[in-house]
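# What the coordinates show
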Amino acid sequence: YSLLCRQFDTDWAELSLIEDMPLLAFSPLAVGLLSGKYAGDVTPENTRRMHTPDLGGRITASVFPAVAAYLGIAARHGLDPCQMAIAFCRSRPFRTIPIIGATSLDQLRTNLGAASVTLAPEVMAEIAGLTPTFAGVSFARLEAAGSLQWPVNAAAPDGSPIMHEAGFVRGKGK
């Protein structure tokens, strides 16, 4: 789960909320893509891309424009891109446990620093604006527009959740 891969935001997010089951967010930096070290389609020395050029299928036609867009958001708001990506994972309405990796102490320090980062509403709005283009399956734009609500305390008189066909609560959850 990362800014580049958010399929969990569909039905799995609902299950996570209802069952109080956290997401173990593997690779919130998308194997280093969101750090910017591969920006411009480069392969730095001593990186995993030297051994796995397509990074396990993550190198696609849209990945570098997406990475550039997210790096731009981080730069405009004075954020470290790694910390922004990890803080985004931690900001979701369902519980999330980012599984981070690092190949140096500096990377580890930077990644751990994300624990004290809370993304401003302006940052979240910019990320939401990119979501339909770059994050795969996501309902973030509908959520931001107020036409889709997370199923928090939304229940019918018999206690069952009120959901529409896509699995999310419509309206204000009353």
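In what follows, the structure referred to is the one given above.
Computed from a predicted structure; not experimentally measured.

### Focus on the pattern of salt bridges
Counted under the stated rule, the structure contains 6 salt bridges. Note that D9 and R6 form a salt bridge whose closest N and O atoms lie 2.8 Å from each other. In this structure D9 comes out as buried when scored by relative accessible area, which is 2%.

### Description of helix α1 (residues 11–19)
Of the residues making up α1, those classed as buried are A13, E14 and S16. All buried residues of α1 project into a common sector of 160 degrees when viewed along the axis, lining one side. Buried residues belonging to α1 abut β1 (23–26). Following α1 by one or two positions, D20 has its phi on the positive side, about 50 degrees.

### Comments concerning the environment of R58
Among the secondary structure elements, R58 is positioned in the loop between β1 and α2 (63–76). By relative accessible area, R58 is classed as partly exposed at 33%. Residues R58 and L4 lie 54 residues apart in sequence; the distance between their C-alpha atoms is 9.2 Å. Apart from the residues lying within four places of it in its own chain, the contact partners of R58 are F26, A30, V31, L33 and V63.

### Focus on α2
In this model α2 runs 20 Å from its N-terminal to its C-terminal C-alpha over 14 residues, within 8% of the 20 Å that 1.5 Å per residue would give. Within α2, burial applies to V63, F64, A66, V67, A69, Y70, G72, I73 and A74. G78 occupies a position one or two residues after α2 and carries a positive phi of about 65 degrees.

### Side note on the environment of M124
Tracing the backbone through its elements, the reader meets M124 in helix α5 (residues 121–134). Counting along the chain gives 51 residues from M124 to I73, while the straight-line C-alpha distance between them is 9.6 Å. If sequence neighbours within four positions are ignored, M124 has contacts with F88, S91, R92 and L119.

How each quantity is defined
Residues numbered from 1 in each chain as written. Predicted model: local features only at pLDDT ≥ 70, side-chain atom pairs only at ≥ 80, totals over all residues. Heavy atoms only, no water. Salt bridge = Lys/Arg side-chain N within 4 Å of Asp/Glu carboxyl O. Buried < 20%, exposed > 50% of the residue type's maximum accessible area, 1.4 Å probe, protein only. Helix = DSSP H or I, 4+ residues; strand = E, 2+ residues; numbered from the N terminus. Arc of directions from axis to C-beta. Contact = heavy atoms within 4.5 Å. Expected span 1.5 Å × (residues − 1).

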